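# Fold and geometry: a report
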Amino acid sequence: MRRFPYGETNFELIRSDGKFFVDKTKYIIELEQQPSFQFFIRPRRFGKTLWLSVLENYYDKNKADKFEALFGDLAIGKQPTTLRNSYLVLRLNFSGITTDKGKEVLVDDFDGAVQDGANDFFERYTDGLRPERLPAIRTLRECIDLARTHGKKIYLIIDEYDNFANELIASDDVEMYYDLISGEGYVKAFYKAIKEGTSSSIERLFMTGVSPVMLDDLTSGFNITANLTLKPELNGMLGLTDSEVEELARQVCPAEMDLLKLQEDLRLYFNGYKFSIMASERIYNTNMVIYFLEELRQSGRYPQYILDRNVVTDYRKTEMLARKFDAYECLQRIASGGTVLTRLVDRFDLHTIFENKDNYWSLMYYLGLLTIQTADPDGVALGIPNYAIKSMFWENFAERLRGEARILRTDEISPLLRAMRIDGDASGLVAYFAKKLGEMLSFRDLLKLDEKHIQMALLAMIHGGGFLVDSERELGDGYADILLSENPAYPGSAKYEWIIELKYLKKKSLKDYTRIVAEATDQVERYRSAYVAKYNNGKIVKTLVLICSGKGRLEIAYTG
């Protein structure tokens, strides 16, 4: 069985090794209809680097003899453009630049990244003759001169253009950022040299990263790129569509596994991204899907962790951003199922970036932690795209409760969740949560007493405890506060599954206690009927209504 190219970004090797490759080459035709100097943003692990390798192989004049082998059976191979194999391709990658050892080291790494690209450029087009080690601008000009000598044009590809800028902002080293980007700063001067090169040898440019954080600061010296990020016709260029994921799942699904259930789970876990208000389809994170399906291909079962742990590492810096923007409380509400109405910002000025909350929500959108849910003349409603990202938020919040507040202990919670899975008994967990809720009330930065924050705390507590935990799952005519189902990675690990409805009553609402409990009971029973009718997986589905009063009390009002 063919393997998935998890973590692999060399298009030629993937094709020669016969690994799975999802054909996106039809978008080359679309890109050629756009302005020649292009800027395109996608979150991490959406396949940006592999796509740049596709472009490199398609346009490199030295790859003409390999065109049929690499592209013959792909969309672009059946309908090639006149620009195929017509450029000298210069590819630069700024992902490995050191940012925490001072300006001198950063500049040296920047020069080295340009030098590495130039070395490959000269090796391919001059029989191995390489330029001497020079500053970045002079190295770029050497490449431009080489193209002019050969009477050829350059297709310039820049990967991770913003990586070091994001690192500097994350570490709060704004002074170095401005030193490099503002005025005649070193990096700004380099991009100005690129613009100058477009009047001679640089004919096309494709530049990518994860945010538009440097665009505004580079504008005066580098105002040539067309930002294609929000184009509806390019929504599916990076990422996987529903039909593409269905085909991949079909090829690796074990005979004994329900294919339709697998497809539905993949949709729940990884789908939901929308990168244009006008886009007609939501897409999946490429690497998350590949990680999952490669684990399934190898073992015949779901992976132990739904979310690739490498993705968790990528997104750690969101905690810092939330604090800088004073947005942590609102983020908790979103993580428990809410949305935020904002306007998408297409470029940021670092002078004012932390003064406007719209900048924060836009950054979260570009990083792939939020996505477009709905749009109207007042702006866009952003929410968490899928289960995988929701679970990351819950995990981060649980770490805060375990670390800063020292409230949660996994060894105490695990047996309580086991009692729910095996014995159908939730009383121990509810009593534990009630006790901890009283302690949490002392940590106003972690938990402000209302329904959404209590729900977030409960999600953080039970996430990773043996159940597959979800919030706001659509069931019938509503959305269940919390759904606890058997983790597919451990078949047979749960006899019972749970649907929990949580209500918070302020003091003035206590007089309506009986009515509220009755409505919540009816609601949770409707969810159970819809869930059993849809899944009918042989589990005993139990229901629970929890009432938290304004006094900080938590009690079981109903269990069924």
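Attention here is on the structure that accompanies the text. Each residue is numbered by its place in its chain's sequence as written, counting from 1. Local features in a predicted model are, by the rule used here, given only for residues with pLDDT of at least 70; side-chain atom pairs are given and counted only at 80 or more, and totals for whole chains, interfaces and linings are based on all residues. The basis for every side-chain value is the complete set of non-hydrogen atoms in the structure, without hydrogens or water.

## Side note on the overall build of the protein chain
Helix and strand definitions follow DSSP, with helices as H or I runs of at least four residues and strands as E runs of at least two, each counted in order from the N terminus. If you tally the helices and strands in the protein chain, you get 23 helices and 13 strands. Relative to the compact-globule value of 24 Å for 560 residues, the protein chain shows a C-alpha radius of gyration of 26 Å, a close match. Judged by the C-alpha coordinates and their principal axes, the protein chain covers about 85 × 55 × 45 Å. Relative accessibility under 20% of the residue-type maximum defines a buried residue, over 50% an exposed one, and the middle range a partly exposed one, all with a 1.4 Å probe and only protein chains included. Taken across its 560 residues, the protein chain has 57% of its residues classed as buried. Only heavy atoms enter the contact rule, under which two residues are in contact if any of them lie within 4.5 Å. Of all intrachain contacts in the protein chain linking residues separated by at least 6 positions in sequence, the fraction that spans at least 24 positions is 71%. Using the Shrake-Rupley algorithm and a 1.4 Å probe, accessible areas are obtained, with residue cover drawn only from the displayed protein chains. A total of about 23,000 Å² of accessible surface is found on the protein chain, and carbon and sulfur atoms cover 47% of it. Averaged over its 74 positive side-chain charges, the protein chain has a centre that lies 3 Å from the centre of its 83 negative ones. Only C-alpha atoms enter the radius of gyration, while the globule expectation follows 2.2 Å times N to the 0.38, with N the number of residues. Within this scheme the basic residues Lys and Arg register as positive and the acidic residues Asp and Glu register as negative, but His and the chain ends are omitted. In this description, the location of a charge corresponds to atom NZ of lysine, CZ of arginine, CG of aspartate or CD of glutamate.

## Considerations on the packing of aromatic side chains
Only centres within 6.5 Å qualify two rings of Phe, Tyr or Trp (six-membered ring in Trp) as a pair; their planes then separate them into stacked at under 30 degrees, edge-to-face at over 60, and tilted for everything else. Here the structure, examined in full by the defined rule, presents 36 aromatic pairs. Pairing Phe275 with Tyr365 gives two aromatic rings, centres 6.2 Å apart and planes at 55°, and the pair type is tilted. Taken together, the residues Phe275 in the loop between helix H13 (259-270) and helix H14 (286-299) and Tyr365 in helix H18 (residues 357-366) connect sequence positions 90 residues apart. Assessed through its relative accessible area of 2%, Phe275 is described here as buried. A network of ring pairs unites the aromatic residues Phe11, Phe21, Tyr58, Tyr59, Phe67, Phe71, Tyr87 and Tyr155 as a single cluster. Two conditions define a charge located above a ring, namely a distance within 6 Å from the ring centre to NZ of Lys or CZ of Arg, and an angle within 35 degrees of the ring normal. Lying across the ring of Phe275, Arg42 places its NZ or CZ 4.1 Å from the centre. The lysine or arginine in question, Arg84, covers the ring of Phe67, its NZ or CZ lying 3.9 Å from the ring centre.

## A word on the nonpolar core
By nonpolar core we mean a set of buried residues, namely Ala, Val, Leu, Ile, Met, Phe, Trp, Tyr and Cys, connected to one another through side-chain atoms within 4.5 Å. Within the largest apolar cluster, 173 residues are counted, with the highest numbers of intra-cluster contacts made by Phe190, Tyr191 and Met214. Discounting chain neighbours no more than four positions away, the residues touching Met214 are Tyr161, Asp162, Phe164, Ala165, Tyr177, Ile181, Val187 and Tyr191. Listed in part, the 15 residues of the second largest apolar core include Leu483, Ile516, Val545 and Ile547.

## Section: the sheet that holds strand E8 (residues 379-383)
Two pairing modes exist for strands in a sheet, parallel and antiparallel, and in both the strands are linked by backbone hydrogen bonds. Strands were regarded as paired on the criterion that DSSP finds at least two bridges between them. As summarised here, the arrangement of the three strands in space is E6-E8-E7, forming an open sheet in which the pairing is antiparallel. A single partner strand is all that each edge strand has here, and the edge strands are strand E6 (340-342) and strand E7 (371-376). Each strand of the sheet is rotated relative to its neighbour by a mean of 30°, with strand direction disregarded. Here five bridges tie E7 to E8, and the two strands are oriented antiparallel to one another. What sits directly across from Ile372, in E8, is Leu382. Angles here are taken between N-to-C directions and fall from 0 to 180 degrees, while the axes themselves are lines fitted to C-alpha atoms, restricted in helices to the stretch in contact. On top of the sheet, H18 reaches E6, E7 and E8; it is set at about 110° to E6, its chief contact.

## What to know about helix H22 (residues 451-462)
The span expected for a helix works out to 1.5 Å for each residue beyond the first. End to end, H22 covers 17 Å across twelve residues, agreeing with the expected 16 Å (1.5 Å per residue, within 8%). In terms of burial, H22 is a largely internal element, ten of the twelve residues being buried.

## Some thoughts on unusual backbone geometry
Despite not being glycine, Arg45 has its phi angle at roughly 65°, a positive value. Within the secondary structure layout, Arg45 lies in the loop between strand E1 (37-41) and helix H3 (48-59). Non-glycine residue Glu160 carries a positive phi angle of around 60°. Its place among the elements puts Glu160 in the loop between strand E3 (154-159) and helix H8 (163-170). We classify Glu160 as buried; its relative accessible area is 12%.

## Points about helix H12 (residues 242-252)
All of the buried residues along H12 are Asp242, Glu244, Val245, Leu248, Ala249 and Val252. Across the axial projection of H12, the buried residues extend over an arc of 160°, all falling on one side. The inward-facing, buried residues of H12 abut H13 and H14. The directions from the helix axis to the C-beta atoms form the arc being described.

## Re the sheet that holds E3
On the basis of which strands lie adjacent, the open sheet formed by five strands has the order E2-E3-E4-E1-E5 and parallel pairing. If you trace the sheet from one side to the other, it starts and ends with strand E2 (88-93) and strand E5 (226-227), each paired once. Examined bridge by bridge, E1 and E5 share two bridges and lie parallel to one another. Following the sheet pairing, Phe39 is matched in E5 by Asn227.

## A short note on the side chain of Asn287
By secondary structure assignment, the location of Asn287 is in helix H14. Asn287 sits in the buried class, given a relative accessible area of 15%.

## Digging into the pattern of salt bridges
A side chain with one charge may pair with a side chain of the opposite charge, provided their charged atoms come close. Take a side-chain nitrogen of Lys or Arg and a carboxyl oxygen of Asp or Glu: if they are within 4 Å of each other, that pair is a salt bridge. In total, this model carries 31 salt bridges according to the counting rule given. The shortest N-O distance in the salt bridge between Glu294 and Arg297 comes to 2.7 Å. Taken together, the residues Glu294 and Arg297, both in helix H14 and three residues apart, mark about one turn of the helix. Residue Glu294 is classed as buried on the basis of its relative accessible area, which comes to 8%. For Arg297, a relative accessible area of 21% puts it in the partly exposed group. Here Arg515 ties to Glu519 by a salt bridge, and the two come within 3.1 Å at their closest N and O atoms. With Arg515 and Glu519 both in helix H23 (residues 513-535) and four residues apart, the pair spans about one turn of that helix. Ionic contacts of the salt-bridge type, sharing partners, join the residues Glu56, Asp60, Arg91, Asp120 and Arg124 into one network.

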